[in-house]
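Chain and residue survey
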Amino acid sequence: MARDKVTVIGAGNVGATTAQRIAEAGLADVVLIDIVEGLPQGKGLDLAEAAPVVAHDAAVLGTNDYADTAGSDVIAVTSGLARQPGMSRDDLLTKNAGIVRSVVEQAAAVSPEAIIVVVTNPLDAMCHVAMDASGFPRERVIGMAGVLDSARFRTFIARELGVSVQDTHAFVLGGHGDTMVPLSRYSTVAGVPITELLPADRVRALEERTANGGAEIVGLLKTGSAFYAPAAGAFEMVEAILLDRKRVLPCAVRLQGEFGVDGLFVGVPVVLGRSGMERVFEIELTDDERAAFQRSADAVRELVEVLGR
Ligand SMILES: NC(=O)c1ccc[n+]([C@@H]2O[C@H](COP(=O)([O-])OP(=O)(O)OC[C@H]3O[C@@H](n4cnc5c(N)ncnc54)[C@H](O)[C@@H]3O)[C@@H](O)[C@H]2O)c1
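Rules used in this analysis
- Residues numbered from 1 in each chain as written.
- Predicted model: local features only at pLDDT ≥ 70, side-chain atom pairs only at ≥ 80, totals over all residues.
- Heavy atoms only, no water.
- Salt bridge = Lys/Arg side-chain N within 4 Å of Asp/Glu carboxyl O.
- Helix = DSSP H or I, 4+ residues; strand = E, 2+ residues; numbered from the N terminus.
- Buried < 20%, exposed > 50% of the residue type's maximum accessible area, 1.4 Å probe, protein only.
- Near = heavy atom within 4 Å.
- Polar contact = N/O pair within 3.5 Å; in protein donor to acceptor, adjacent residues only side chain to side chain.
- Areas by Shrake-Rupley, 256 points an atom, 1.4 Å probe, with all protein chains shown as cover.
- Nonpolar A, V, L, I, M, F, W, Y, C, P; charged D, E, K, R; others polar.
- Arc of directions from axis to C-beta.
- Phe/Tyr/Trp six-rings, centres within 6.5 Å; stacked < 30°, edge-to-face > 60°.
- Lys NZ or Arg CZ within 6 Å of the ring centre and 35° of its normal.
- Pairing = 2+ DSSP bridges.
- Right-handed = clockwise from strand over helix to strand, strands pointing away.
- Core = buried A, V, L, I, M, F, W, Y, C linked by side-chain atoms within 4.5 Å.
- Contact = heavy atoms within 4.5 Å.

**Description of the pattern of salt bridges**
Summed over all chains, the structure comprises 16 salt bridges. R185 is the partner of E289 in a salt bridge, and the nearest nitrogen-oxygen pair spans 2.8 Å. Remark: R185 occurs in the loop between β9 (181-182) and β10 (188-189) and E289 occurs in helix α9 (residues 287-308); sequence separation between them is 104 residues. Its relative accessible area of 11% is what places E289 among the buried residues. Here the salt bridges share partners, and the residues they tie into one network are D4, D73 and R274.

See the structure below:
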């Protein structure tokens, strides 16, 4: 049986690291594509040359030609500019919209059945661009942000309580940006909500650190933004899709009335399987949480309106 095929668009930090994770897990053959000549070829060859040592058989090809991406099962979109210090995700809006539109049009044309996993920021707005450019149904255009934001929250919870990250669970909903909604009530250690394990001010501090998680890394790196954890997040989604795992993960999907939002990509828990977003997993929100979620959706709507002008 032929291995699945994943195209990773953008051979920068997030893209190359995502390609590495996919190939080294033996999950799929990988095509790494970028606009810069030589960059995907060099990184692709380098990754392929690691295969004998890592001991996997996945093929890795670097290219500038979309013909090589034809017949992909999943397309991960990481091409675009990364945030620089002092730059908000939203500053990236117009430039990255142009890039995402162009790459998705080219990739979708030769992989009409693929599932698109969007990573490029500003995430929720780029999902709108990708859906529009591909013409794919909402089940096959899914944004990666909630997995990363939840992973950051879990890291901080585990450190705070001195427990294994493996025994933590966290839900971060809403847009990927300053209005994200960490749901502490549903965030647990071994099933116990952190609101029962930590005083309210510590919970709030962890929530705030999570919401600023991207900026914290940008501030430290000074050039570029986070990529190990984002690539791990993209990998988790691709794996859930290709292995039909029915994972329940927080992802940006186009809501159609769920959570009281219509026609916008916002982060919510969904079931991910071989056909992409198989179901929105609706959970009860308190009035405060619903209001925060709505603010987050409003922030996404503003960006989409800017794009429409
Ligand atoms: N959703 C998230 O949670 C999350 C997390 C981290 C990063 N990001 C975003 O992911 C994107 C990539 O980040 P990075 O750190 O890998 O950046 P990077 O600068 O290292 O890589 C981006 C790559 O995109 C390529 N590119 C630019 N225009 C292109 C085009 N038209 N066609 C093909 N390739 C093109 C560049 O040549 C570069 O290699 C950024 O938008 C960043 O903000 C999102």
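**What about the site of the ligand?**
With respect to spatial proximity, 27 residues lie near the ligand, and among them N13, V14, D34, V119 and M144 are the closest. In this structure, V119 approaches the ligand through a main-chain N or O atom, which is 3.0 Å from a nitrogen atom. Protein chains shield 87% of the accessible area of the ligand, which is 860 Å² for the free molecule. The set of elements that each furnish at least two residues to the shell around the ligand consists of α1 (13-24) and α3 (93-110). Residues that form the shell around the ligand fall into these classes: 16 nonpolar, 10 polar and one charged.

**Topic: helix α7 (residues 213-221)**
Within the sequence span of α7, burial applies to G213, G214 and V218. The buried residues of α7 occupy one face: seen down the axis, they fall within an arc of 135°. Positive phi appears at K222, one or two residues downstream of α7, with a value of about 70°.

**Thoughts on the packing of aromatic side chains**
One pass over the full model with this rule turns up two aromatic pairs. Judged by centre distance (4.5 Å) and plane angle (35°), the rings of F227 and Y228 are tilted. Sitting over the ring of F235, R21 keeps its end group 5.5 Å from the ring centre.

**Observations concerning unusual backbone geometry**
Here the amide bond leading from N121 into P122 is cis, since omega sits at -5°, within 30 degrees of zero. With respect to the helices and strands, P122 occurs in the loop between β5 (115-118) and α4 (123-134). The phi dihedral of A190 is positive, around 50°, even though this residue is not glycine. Looking at where A190 falls in the secondary structure, it is placed in the loop between β10 and β11 (192-193). Judged by relative accessible area, which is 65%, A190 ranks as exposed. Backbone geometry at K246 places phi at a positive 60°, although glycine is not the residue there. The topology assignment puts K246 in the loop between α8 (228-242) and β12 (247-256).

**Some remarks on the pairing of strand β3 (residues 60-63)**
Relative to β3, strand β2 (residues 29-33) runs parallel, the two sharing four bridges. Opposite I33, over in β3, you have T63 as the bridge partner. Handedness of the crossover joining β2 and β3 through helix α2 (residues 39-54): right-handed.

**Here we look at the nonpolar core**
Most often, soluble globular proteins keep nonpolar side chains buried together rather than apart. Counting residues in each nonpolar core, the largest one holds 54 residues, and the members touching the most others are I22, I142, M237, L255, L272 and F293. Element by element, the count of residues in this core is highest for α8, at seven residues. Each residue touching M237, except ones within four places of it in the same chain, is listed here: V117, I142, G143, M144, V147, L249, C251 and L272. Among the nonpolar cores identified, the runner-up in size contains 29 residues, and V100, A107, C127 and F265 belong to it.

**Details of the pairing of strand β13 (residues 262-273)**
In terms of burial, β13 is a largely internal element, 10 of the 12 residues being buried. Connecting β12 to the next strand, β13, in antiparallel fashion are five residues, including G257 with a positive phi near 95°. Relative to strand β14 (residues 276-280), β13 is paired through four bridges, and the arrangement is antiparallel. Each residue of the ladder has a partner; that of L272, found in β14, is M277.

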